[in-house]
Amino acid sequence: MRSVHRVSICPLMTLLFALAYAAQVPDLKLDDWQPRSQMVGEQTVILKPKFPVIDIHNHLGDLDKTKHYLAEMDKAGVWKCVSLDGKSAGDFYKEHLRVSHAVSKDRFLIFFRPDFSRIDEPNFGETEARRLEEAVHLGVRGLKIAKSLGLTIHDKSGQVVPVDDPRIDPIWAKCGDLGISVMIHVSDPKAFFTPNDRFNERIDALGLQPNWSFYGDRFPAKEEILEQRNRVIARHPETTFIGTHFGNLPEELDQVANWLDVYPNFYIDIDARMGELGRQPYTTRKFMIKYQDRILFGTDTPPSADSYRVYYRFLETDDEYFDPNPAHPYQGRWMVYGLFLPDQVLEKIYNKNALKILGTFKGNN
Ligand SMILES: [Zn+2]
């Protein structure tokens, strides 16, 4: 009989070796340590994916680069790309729609970002929902929530605005009415909510981006933010929610599985979390096969053929111990292992699930 417990995997041996090595090379800083693997193994190059890709999570707000983005998508076999940069503030989304759709209406989709700087205005939710409806009439196809909600946005009372603040309800409801989905990014990696000390697994990233640390009394706890999000998902069963970054808890796939079981209107995307998913390839593979109808492909990296190809290698091959960082920087020093997903699962993640979600749009333009 085997007994199995879910516990944190502590890389104690790695740490001991590192300390022993540092003792021999006392001047070497952690930052400067760039070990090169001597492993010789399979290196599969996949220029184009097995099935056309819909990248549901990207940022194309640098409008001068729109043609360049399309060229990279063509190189990498990307059919459609969703930009989450359609800001309501200053009506930026209109300019985004104009420029991106002039290049290709079929290949670029724009999601709308509410303007939470207006949260204290009377009828904020109703007004912003009306603006969303107008934006959808003009061509927008979804809503994006950035991680500042529930974390750093304050109202005039000085309190952080929670994700499940009732003032926002009209916006969630409007998405259900219009048949568009909500790409919701709340909270961040677990390590960003723990002390930035020698035990922090993302100390490289936090060293370069100290403002990514949300540890301390000034910020709500990560669990609390995710609970707020889940209450919104439960309260709006007619609205489809896509949890960015694998539901923003790729470190605990059991928990993400629970959410998918409990909330039929909840989906997740894989963007920028190869570092977590690829460190637990057996669990991730089983998870992706089991929840193959609920997972979407996204990258969070402005279109680049090289970046896409790391994702294809991860999803399609059984290559071992390779660096995911070229796909998305600042992700720690972890190597990942390919998932060699079955074709049926790949096709759903690459495009079928996204087509299903985008196909629920109730408008006619
Ligand atoms: Zn993003």
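Residues numbered from 1 in each chain as written. Predicted model: local features only at pLDDT ≥ 70, side-chain atom pairs only at ≥ 80, totals over all residues. Heavy atoms only, no water.

1. Things to note about the pairing of strand 4 (residues 142–145)
On a regular strand, each side chain points to the face opposite its neighbour's, so the side chains alternate between the two faces of the sheet.
1) Next: Neither face of strand 4 is open: one carries G142 and K144, the other L143 and I145, and all of them are buried.
2) Next: As paired elements, strand 4 and strand 5 (residues 181–184) share 4 bridges and run parallel to each other. Counterpart to I145 in the pairing with strand 5 is I184.
3) Next: In the classification by handedness, the crossover that spans strand 4, the intervening helix 5 (residues 169–178) and the parallel strand 5 is right-handed. (Buried < 20%, exposed > 50% of the residue type's maximum accessible area, 1.4 Å probe, protein only. Helix = DSSP H or I, 4+ residues; strand = E, 2+ residues; numbered from the N terminus. Pairing = 2+ DSSP bridges. Right-handed = clockwise from strand over helix to strand, strands pointing away.)

2. As for the nonpolar core
1) Next: Among the nonpolar cores identified, the biggest contains 85 residues, and W172, F287, M288, F297 and L315 are the most heavily contacted of them.
2) Next: The greatest single-element share of this core, amounting to 7 residues, is contributed by helix 12 (residues 305–316).
3) Next: Contact partners of M288, with chain neighbours within four places excluded, come to F246, I270, L277, I295, L315, L339, L341, V345 and I349.
4) Next: Grouped together as the second largest cluster of nonpolar side chains are 13 residues, V82, L84, I357 and L358 included. (Core = buried A, V, L, I, M, F, W, Y, C linked by side-chain atoms within 4.5 Å. Contact = heavy atoms within 4.5 Å.)

3. Some thoughts on the pairing of strand 1 (residues 53–58)
1) Next: The element strand 1 is extensively covered by neighbouring structure, given that 6 of its 6 residues are classed as buried.
2) Next: In this structure, strand 1 lies alongside strand 2 (residues 78–87), joined through 4 bridges in parallel fashion. Note on strand 2: the bridge partner recorded for D55 is C81.
3) Next: For the crossover that starts at strand 1, traverses helix 2 (residues 66–75) and ends in the parallel strand 2, the hand is right-handed.

4. As for the side chain of D169
1) Next: As for its position among the elements, D169 is in helix 5.
2) Next: Residue classification places D169 among the buried residues on the basis of a relative accessible area of 18%.

5. A closer look at the coordination of the zinc ion
1) Next: Distances from the zinc ion to its protein donors, H57 (NE2), H59 (NE2) and D300 (OD), fall within 2.1 to 2.2 Å.
2) Next: Donor residues binding the zinc ion come from one chain and are separated in sequence as H-x1-H-x240-D. Here the residue H59 occupies a position in the loop between strand 1 and helix 2, and D300 occupies one in the loop between strand 8 (295–296) and helix 12, the gap between them amounting to 241 residues. (Donors = N, O, S within 2.8 Å, 3.2 Å for Na, K, Ca; no water.)

Note that all results are geometric; they support no functional claim without further evidence.
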